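Each chain, letter by letter, is given below.
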Amino acid sequence: MEFEKHITIANSLTGDAHHSQNPIEQDADTRLRHAEAALQDATEWAQATLNSIGDAVITTDLACRVTYLNRVAEKLTGWVSLDAIGKPLPQVLTLVDGHTFLTATNPAQRAMEENRTVGLAMDCVLIRKDGSQLKVEDSAAPICNAEGCIKGAVIVFHDACHSPTQSSKLAYQAQHDALTGLPNRVLLAERLSRAIGLAKRHQHKVALIYLDLDAFKPINDSLGHAIGDALLKLVSDRLSDCVRDTDTICRHGGDEFVVLLSEIEQPQDAARIAQKIFSALAAPYRIDKHELSITTSIGISLYPDHGSDARSLLDNADMAMYHAKESGSNHFQLFRADMNALREQRGQIEFQLHRALKENALFLDFQPRVDIATGYLCSAEALVRWRNPALGLMQPSVFLPVAEARGLIGPIGHWVLHEACRQLQKWREQGAEIVPIAVNMSAMELRDKSLPARIAGILSETGLAAQFLELEVNELSLMYHPNDASIATLIELKQLGIRIAIDDFGAGSDSLKRLKCIPNDTLIIAPCFIHDMLENLENASFTKALINFGQNLTMRVIAKGVETQAQLDHLKLQGCDGAQGFLFGKPLSATDFRALLGPERPQWPLNNQGLQSEPPNKYQRIRPDS
Ligand code: C2E
Ligand code: MG
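Conventions and cut-offs
Residues numbered from 1 in each chain as written. Chains lettered and ligands numbered in written order. Predicted model: local features only at pLDDT ≥ 70, side-chain atom pairs only at ≥ 80, totals over all residues. Heavy atoms only, no water. Salt bridge = Lys/Arg side-chain N within 4 Å of Asp/Glu carboxyl O. Helix = DSSP H or I, 4+ residues; strand = E, 2+ residues; numbered from the N terminus. Buried < 20%, exposed > 50% of the residue type's maximum accessible area, 1.4 Å probe, protein only. Pairing = 2+ DSSP bridges. Axes fitted to C-alpha atoms, helices over the stretch in contact; angles between N-to-C directions. Contact = heavy atoms within 4.5 Å. Expected span 1.5 Å × (residues − 1). Donors = N, O, S within 2.8 Å, 3.2 Å for Na, K, Ca; no water. Near = heavy atom within 4 Å. Polar contact = N/O pair within 3.5 Å; in protein donor to acceptor, adjacent residues only side chain to side chain. Nonpolar A, V, L, I, M, F, W, Y, C, P; charged D, E, K, R; others polar. Parallel < 35°, antiparallel > 145°, perpendicular 65-115°, else oblique. Left-handed = near helix turned anticlockwise from the far one by under 90°. Phe/Tyr/Trp six-rings, centres within 6.5 Å; stacked < 30°, edge-to-face > 60°.

(A) Expanded view of the pattern of salt bridges. Here the structure, examined in full by the defined rule, presents 23 salt bridges. With its nearest N and O atoms 2.9 Å apart, the salt bridge here joins E419 to R422. Taken together, the positions of E419 and R422, both in helix α15 (residues 409-429) and 3 residues apart, correspond to about one turn of that helix. Note that K560 is salt-bridged to D503, the shortest N-O span being 2.8 Å. Taken as a pair, K560 in strand β22 (residues 556-560) and D503 in strand β20 (residues 499-505) lie far apart in primary sequence, 57 residues in all.

Listed below in structure tokens is the structure:
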């Protein structure tokens, strides 16, 4: 309201005051005199008002030349009206970024270009006429005449140095992230509250973009913290290029960033920035000799739609981010009220996982893998599930991220390994024709140097022969650093006779050249290539190349996520060894999977090249078209 008053007053100062029409019969001279008097009155009233308010006010014409300064503006800038009027605005109101000291965007220019109220750049410092500096804040708006044509701009600002410590180095450190130099969560909270205040006054929206790097953890775990840090710095640079200087980018902790868009008109504006962020972060990162790729998940909340205070907006953007993550990489999600239920669920998951481990509430499903040449079962993947007393059956994508974040992945991984070996050996002792079972390993588990000894212990305790265990390691978690301790662990495991598989192969950009350093037997092609290989020629060629490449390195190549007969036919034509996917069956319970093993089947033979199919009459056919 107060700001609108400034604009009305300022209109009169730029000579655009509008006076009402007098009756036709009135003498022209009298009308002119009245009009002049009215204008004089309005101008004097405006001057008096503007000089009595606490904020500094400067108006400009269309060419951004100063047309007026009130007393506070004179005091803050150090310019007297007489000298300032007619000068270009940046000369009188010299604004720079408080940290870089680079020239800040001219707010009047922007307000006129965008025809709306805009905020000054964050951390804006005014260089006064005598060279001294002053932290200032507030906004600029276009001045329009009665016909709505823009005639100039008005800038309203005030001294933002509330306390002398604010400009000190200590205060800077308390408000910024030491690694990236970005504002930290303390400063974000302050700016968010300020942005909410301004949005309330000027009737616009504020957007919070909560961003989490999907694959940062495996990179940091496998390549080390120096590379992880360098990556975070590059990410923060790229983020800075995506937004305006009136917006704030904050490192919220770890691999999480928050972007505050302080003035948006509609949700689509935030969505546009989210897309911009995806493309900016998608290009490969060159760090030392590594070429890294990352994807991102983004959650968005808006003021006033999704919360009226900083805390709820942040929580809700975070919540939306978790939902985006579940949709896969490079997705963004706008907050919805029903997401709050999930927040409670996450808290419960963490609390209950501890108990689940003690009370044996976890169990394994087994998803068949099929030999493409013969159509017979050749192995299976063990997939962990959790029957939660309060929340029902839970998939690993829901509780494993919580387990990783809370340091529970070690005990869960150990349980899975033990259970897979125990179950397989039990079936074997019952006379079943067992096949090797693949167990997924997280990057974190692989960094545990005691893993080979632990697995050797599990094998000897359960009595399972090592060749029936295959460890599946996600490509991203070990592709980047061939000399990493994880590779040494894998070599040790291989020496125990355990098979090694690289899961989701193809997603990392420099995977091929690093593959030869890893002692693996099986290459599992990531489902993203299989899903659209029939429509997408590029993915079809890549899949074909991977099959040839893997087989030339004497690996068995398995396509994951096979859902249609056409995909299977195509893979068969390319000579792919194995396939896993809903076409053959969803993950099965232990009882249902046991039925596939058939009581009289002989032991599945193995050799160096990988699993070999036996003559057809010995094995149960599960190929769907048979
Ligand atoms: P993954 O290793 O890629 O496992 C395969 C996932 O793909 C399974 O999801 C499976 O249900 C799904 N899937 C299989 N065939 C198809 C198909 O044709 N189409 C589609 N759309 N999906 C298919 P699930 O069971 O939800 O497991 C998700 C992920 O959780 C696994 O992905 C794995 O990375 C992780 N995971 C599961 N169990 C464990 C475990 O015991 N330890 C660790 N560290 N990770 C595990
Ligand atoms: Mg897997």
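(B) Examining helix α9 (residues 216-223) more closely. Counting buried residues along α9, 7 of its 8 residues qualify, which places the element largely inside the surrounding structure. Listed in full, the buried residues belonging to α9 are F216, P218, I219, N220, D221, S222 and L223. In the segment just after α9, G224 is the residue with positive phi, at about 100°.

(C) Broad picture of the sheet that holds strand β13 (residues 296-303). Pairing is mixed across the open sheet formed by 5 strands, whose spatial order is β9-β10-β8-β13-β14. The sheet is open, and its two edges are formed by β9 (248-253) and β14 (331-334), each paired on a single side. Strand-to-strand, the axes of this sheet are offset by a mean angle of 20°, without reference to chain direction. Relative to β13, strand β8 (residues 205-213) is paired through 8 bridges, and the arrangement is antiparallel. By the bridge assignment for β13, V206 is matched with Y303. The strands touched by helix α10 (residues 225-240) within the sheet are β8, β9 and β10 (256-264), with β10 carrying the most contacts at an inclination of about 10°. Sitting on the sheet, helix α12 (residues 310-326) touches β8, β9, β10, β13 and β14, and the angle it makes with β13 is about 145°.

(D) Structural context of α15. The end-to-end C-alpha distance of α15, which contains 21 residues, comes to 30 Å, matching closely the 30 Å that a straight helix rising 1.5 Å per residue would cover. Just past α15, the residue G431 takes up positive phi, approximately 100°.

(E) Region of interest: the coordination of the magnesium ion (ligand 2). E381 (OE), N440 (OD1), E472 (OE) and D503 (OD) make up the full set of protein donors to the magnesium ion (ligand 2), lying at 2.1 to 2.3 Å. Linear spacing of the donor residues for the magnesium ion (ligand 2) on their chain is E-x58-N-x31-E-x30-D. Pair noted here: E472 is in strand β19 (residues 469-474) and D503 is in strand β20, with a separation of 31 residues, a long-range link. The buried category is assigned to E472, whose relative accessible area is 0%. In this structure D503 comes out as buried when scored by relative accessible area, which is 5%.

(F) Layout of the site of ligand 1. For ligand 1, the set of nearby residues contains 22 residues, the closest of which are E381, R385, K560, E563 and F582. Contacts to ligand 1 include E381, whose side-chain N or O atom sits 2.9 Å from an oxygen atom. Of all the elements in the fold, those that place two or more residues in the shell around ligand 1 are β16 (377-388), α14 (396-405) and β18 (437-441). With 4 residues, the single largest contributor to the shell around ligand 1 is β16. For the shell around ligand 1, the class distribution of residues is 9 nonpolar, 6 polar and 7 charged.

(G) Molecular detail of the packing of α15 against helix α17 (residues 451-462). Between α15 and α17, the shortest axis-to-axis distance is 9 Å and the interhelical angle comes to 30°. Accordingly, the angle class assigned to the pair α15 and α17 is roughly parallel. The crossing of α15 and α17 is right-handed. Along its contact with α15, which presents H414, L417, H418, C421, R422, Q425 and E429, the element α17 presents L451, R454, I455, I458, L459, E461 and T462. Here the residues of the contact of α15 with α17 are counted per class, giving 6 nonpolar, 4 polar and 4 charged.

(H) Representation of the side chain of R385 within the structure. With respect to the secondary-structure elements, R385 resides in strand β16. Taking the relative accessible area as the measure of exposure, R385 reaches 7% and is therefore buried. A polar contact is formed between the side chain of R385 and the side chain of D365, at a distance of 2.9 Å.

(I) Quick peek at the packing of aromatic side chains. By the definition in use, this model includes 6 aromatic pairs. Centroid distance W427 to F593: 5.8 Å. Interplanar angle 45°. Geometry classified as tilted. Of the two residues, W427 sits in helix α15 while F593 sits in helix α24 (residues 590-597), which places them 166 residues apart along the sequence. Residue classification places W427 among the buried residues on the basis of a relative accessible area of 3%. Here the aromatic cluster, defined as three or more aromatic residues joined through ring pairs, consists of F366, W427 and F593.

(J) Seen up close, the pairing of β20. With respect to burial, β20 is a largely interior element, 6 of its 7 residues being buried. Two strands pair when backbone bridges link them, and β19 and β20 are joined in this way by 5 bridges, in the parallel orientation. Considered in β20, the bridge of L471 is made with I500. Bridge count between β20 and strand β21 (residues 522-525): 3 bridges; the pairing is parallel. In the sheet register, A501 faces β21, and the bridge partner there is T522.

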